[in-house]
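Inside the fold
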Number of protein chains: 2
Amino acid sequence: MQYTVKEVAKFAGVTIKTLHHYHKIGLLKPCKITNAGYRLYGSTELEQLQQILFYRELDFSLEDIKKALKDEPSRLECLTNQHELLMARKQRLERLVKTIEDSIVHAKKGEVMDKSKMFNGFNKEEWENALSEQGKYLKEKYGYTMPKVKEHQVDNLNEQATEAKQFICGISNALKNGWKADDERIQQMLENHILCLKNHSHNINAQSFAAQAKFFVEDDFHRNMLENEQIGLSYYLCIAAELYAASN
Amino acid sequence: MQYTVKEVAKFAGVTIKTLHHYHKIGLLKPCKITNAGYRLYGSTELEQLQQILFYRELDFSLEDIKKALKDEPSRLECLTNQHELLMARKQRLERLVKTIEDSIVHAKKGEVMDKSKMFNGFNKEEWENALSEQGKYLKEKYGYTMPKVKEHQVDNLNEQATEAKQFICGISNALKNGWKADDERIQQMLENHILCLKNHSHNINAQSFAAQAKFFVEDDFHRNMLENEQIGLSYYLCIAAELYAASN
DNA sequence: CGTAAGCCCTCCTCCAAGGTAAGAGTCAAG
DNA sequence: CTTGACTCTTACCTTGGAGGAGGGCTTACG
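Within each chain, residues carry numbers counting from 1 in the order of the written sequence. All chains are assigned letters beginning with A, and all ligands numbers beginning with 1, in the order in which they are written. Residue-level local features of this predicted model are given only where pLDDT is at least 70; pairs of side-chain atoms are given and counted only at 80 or more, and the full residue set underlies all totals for whole chains, interfaces and linings. The side-chain quantities take in all heavy atoms of the structure and omit both hydrogens and water.

**Looking at the protein's contact with DNA strand D**
For the record, the criterion: Any residue with a heavy atom lying within 4 Å of a molecule or strand is counted as near it. Two N or O atoms form a polar contact when they lie within 3.5 Å of each other; inside protein one atom must be a possible hydrogen donor and the other a possible acceptor, and for residues adjacent in sequence the pair counts only when both atoms belong to side chains. Elements are defined by DSSP. Helices are runs of H or I of four residues or more, strands are runs of E of two residues or more, and each kind is numbered from the N terminus. For this classification, the nonpolar set comprises Ala, Val, Leu, Ile, Met, Phe, Trp, Tyr, Cys and Pro, the charged set comprises Asp, Glu, Lys and Arg, and every other residue, Gly included, is treated as polar.
DNA strand D sits among 19 residues. The nearest are Thr15, Lys17 and Tyr22 of chain A together with His20 and Arg39 of chain B. Residue Tyr38 of chain A places a side-chain N or O atom 2.8 Å away from a base nitrogen belonging to DNA strand D. Only α2 (16-24) of chain A together with α1 (5-12) and α2 (16-24) of chain B provide two or more residues apiece to the surface near DNA strand D. For the surface near DNA strand D, the element with the most residues is α2 of chain A, which contributes four residues. When its residues are assigned to classes, the surface near DNA strand D shows seven nonpolar, seven polar and five charged.

Okay, structure coming up:
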């Protein structure tokens, strides 16, 4: 089956001009050209076009796309690579959303925002560099940056409270960032938290923790505590704990 | 506190040239220019730059950004709009990720993919539909073309959509106000909604609705829809529906 | 058969959003 | 007072197309 420029353009959501352009620079050649000079594209070309568009979405220059497709002719490899890049871009977007949310909070309070925070997500390097080693670890594990914890605060007495706070904070951020309740990182957080509770001689396991979370939803005091931290948190925690218990 | 071009550029992750350019076209003027002609920026200008960058991220042209900032001088309003557009973009990205995952599956099996599926997420019409009314309004106003809405879709479907929107809005408010998930008023809302669905020939009852709500938590698309409305909403709805089904 | 409506072609110019480079002034430290 | 880092303006270049002119296909209809 072969398609004219108009058909391809409609499929892919590009203009005919774009197809002309890609032909001219040798990025996407039609599989056949009629006597009259009409361009005709086959399904192979459609696949190529799809890949081109993915790369374009990732702000590759057309020149770079050409190279990428030449260097990596295996479609599967290409797609996998693109998938990874897209995910990275999604994370960047999520940081931007977070920055904007921070800005909204500050704007509501009429406060001035910190200059470096203000451009969080725009400047990649800076973001990475701003993270301390510990922060990085936390970020990877919990997806947020902790305000620096001072060493002397972390003595045995309030270790548990600190952990609980971190846990709540982490779950809350996960909710804000839209992570699914069965996201691996959350399951990991739950596991750590439950382990920590165990270490402090609470007799607890995944099941009983889920039951406790359910109780939090029903109990006014605990629900309010959680909901004050973040609207919806008690419900999110309840479902996350349930899923964790079920998968355990 | 005032900053030179280099400092601002470093903060915001842009080049000095970009600042020059924005100055030239009148998009971002320095708050002061020294005798030697050096540009100096204050914190107001940093805020403006932040907003410009958010809009740029959303592929607004600089001309459109200028208009947007002129028409909507309230920072808070601006930020809220940008937040919404960013979330829409995130959804689009998620669709692209899905498309690429589909493509990988097909590629592994060596199958050829359906042409329309192949470009899912690229086609503008589709993702414009994902935008809320406000987002649409914004894009229209500042130079985005909207696809035409077909008339015949807009009667019967519309009624249902209106009810659904009201329902979601009501539940969302309940969550924000801290009502318990088994609050009588919520149970009432659920009953009405399910009744309404029944009237439109969905074969549904309390149990299947609860199952559906659970599915919403798991399904990326539906969860995002709800979470965009209000963080935690999908989880709240899931638990409320569960309790309603249980008491029924 | 002619002709009109859609397609399609090439070639040309134009646009935004900067990048690059040249040539020169400014500033702070030593 | 010199040196190096910083800044300015001006002018031209680049990318990824958009728009339009001018002119061929193709096909359906009378």
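**Details of the nonpolar core**
Definition in use: Put simply, buried Ala, Val, Leu, Ile, Met, Phe, Trp, Tyr and Cys residues joined by side-chain atoms within 4.5 Å make one nonpolar core. The buried label goes to any residue with under 20% of its type's maximum accessible area, the exposed label to any with over 50%, and the partly exposed label to all in between, with areas taken from a 1.4 Å probe on protein chains only. Here, two residues are considered to be in contact whenever any of their heavy atoms come within 4.5 Å of each other.
Among the nonpolar cores identified, the biggest contains 69 residues, and Leu19 and Leu49 of chain A together with Leu19 and Leu49 of chain B are the most heavily contacted of them. A per-element tally of this core places helix α5 (residues 75-109) of chain B first, with 10 residues. Apart from residues no more than four positions distant in its own chain, Leu19 of chain A is found in contact with Val5, Val8, Ala9, Val14, Leu28, Tyr41 and Leu49 of chain A. Phe209 and Leu233 of chain A together with Ile204 and Phe209 of chain B belong to the second-largest nonpolar core, a separate cluster that totals 58 residues.

**Let's talk about the confidence of the model for chain A**
Where the model shows low pLDDT, its predicted coordinates should not be examined in detail. Threshold: The predictor attaches a confidence to each residue, and that confidence, scored 0 to 100, is pLDDT.
Scored by pLDDT, chain A has a mean of 78; 81% of the residues are at 70 or more. Note on residues 124-158 of chain A: pLDDT under 50 across the span, and 39 contacts to partners over four residues away in sequence or across chains.

**Here's the deal with the packing of α1 of chain B against helix α3 (residues 43-57) of chain B**
All names here are of chain B. Defined as follows: Lines fitted to C-alpha atoms define the axes, with helix axes restricted to the stretch in contact, and inter-axis angles between N-to-C directions lie between 0 and 180 degrees. Small angles under 35 degrees read as roughly parallel and large ones over 145 as roughly antiparallel, with 65 to 115 read as roughly perpendicular and the rest as oblique. Throughout, a crossing is termed right-handed when the near helix is turned clockwise from the far one, and left-handed when it is turned anticlockwise from it by less than a right angle.
Between α1 and α3, whose axes approach to 11 Å, the crossing angle comes to 45°. As the angle between them shows, α1 and α3 are arranged oblique. Remark: the crossing between α1 and α3 carries right-handed chirality. Residue-level contacts link Val8, Phe11 and Ala12 of α1 to Leu46, Leu49 and Leu53 of α3.

**Observations concerning the interface of chain A and chain B**
Stated precisely, the cut-off is as follows: Two parts lose some accessible area (1.4 Å probe) when they are put together, and adding that loss for both gives the buried area. Salt bridges, as used here, are contacts in which a Lys or Arg side-chain nitrogen is within 4 Å of a carboxyl oxygen on Asp or Glu.
Contacts between the two partners involve 61 residues from chain A, matched on the other side by 59 residues from chain B. Together, the buried faces of chain A and chain B total about 5500 Å²; carbon and sulfur atoms form 72% of this surface. A per-residue breakdown of the area chain A buries against chain B is headed by Ile100, Phe119 and Tyr235 of chain A, which together make up 12% of the total. Close ionic contact of Lys90 of chain B with Glu94 of chain A constitutes a salt bridge, the shortest N to O distance being 3.8 Å. Seen at the junction of chain A and chain B, the total is 12 residue pairs in polar contact (both at pLDDT 80 or more). When contributions to the side of chain A that touches chain B are tallied by element, the ones reaching two or more residues are α1 (5-12), α3 (43-57), α5 (75-109), α6 (115-118), α9 (156-176), α11 (206-218), α12 (220-229) and α13 (233-246) of chain A. With 22 residues, α5 of chain A is the largest single contributor of residues to the side of chain A that touches chain B. Looking at the side of chain A that touches chain B residue by residue, the classes come out as 29 nonpolar, 12 polar and 20 charged.

**Considerations on the pattern of salt bridges**
Residues and elements named next belong to chain A. On inspection of all chains with the given rule, the structure shows 12 salt bridges over all chains. Note that Asp64 and Lys67 form a salt bridge whose closest N and O atoms lie 3.7 Å from each other. Of this pair, Asp64 and Lys67 both sit in helix α4 (residues 62-71), three residues apart, which is roughly one turn of the helix. Lys67 sits in the partly exposed class, given a relative accessible area of 49%.

**Some points on the packing of α3 of chain B against helix α4 (residues 62-71) of chain B**
All names here are of chain B. It is the contact of α3 with α4, at a shortest axis distance of 10 Å, that shows an interaxial angle of 130°. In this view, α3 runs oblique relative to α4, as classed from their interaxial angle. Here the hand of the crossing between α3 and α4 comes out right-handed. Taking contact as the criterion, the partners of Gln51, Ile52, Tyr55 and Arg56 in α3 are, on α4, Ile65, Ala68 and Leu69.

**A look at α2 of chain B**
Residue and element names in this part refer to chain B. This is how it is decided: What the arc measures is the spread of directions leading from the helix axis to the C-beta atoms.
Taken residue by residue, α2 has Thr18, Leu19 and Tyr22 as its buried positions. Viewed along the axis of α2, the buried residues span an arc of 100°, placing them on a single side of the element. Turned more than 90 degrees away from the buried face of α2, the exposed residues are Lys17 and Lys24. Packing partners of the buried residues in α2 comprise α1, α3 and α4. Once α2 ends, the next one or two residues include Gly26, with phi positive near 75°.

**What to know about unusual backbone geometry**
All names here are of chain A. Non-glycine residue Asp59 carries a positive phi angle of around 65°. Note that Asp59 resides in the loop between α3 and α4. With a relative accessible area of 60%, Asp59 lands in the exposed category.

**Notes on the protein's contact with DNA strand C**
Taken together, 19 residues are adjacent to DNA strand C, and Arg39 of chain A together with Thr15, Tyr22, Tyr38 and Leu62 of chain B come closest. Each atom of DNA strand C within 4 Å of the protein belongs either to a base or to sugar and phosphate, the latter forming 81%. Between Thr4 of chain A and DNA strand C, the recorded distance is 3.0 Å, taken from a side-chain N or O atom to a phosphate oxygen. Here a phosphate oxygen of DNA strand C and a side-chain polar atom of Arg39 of chain A are 2.7 Å apart.

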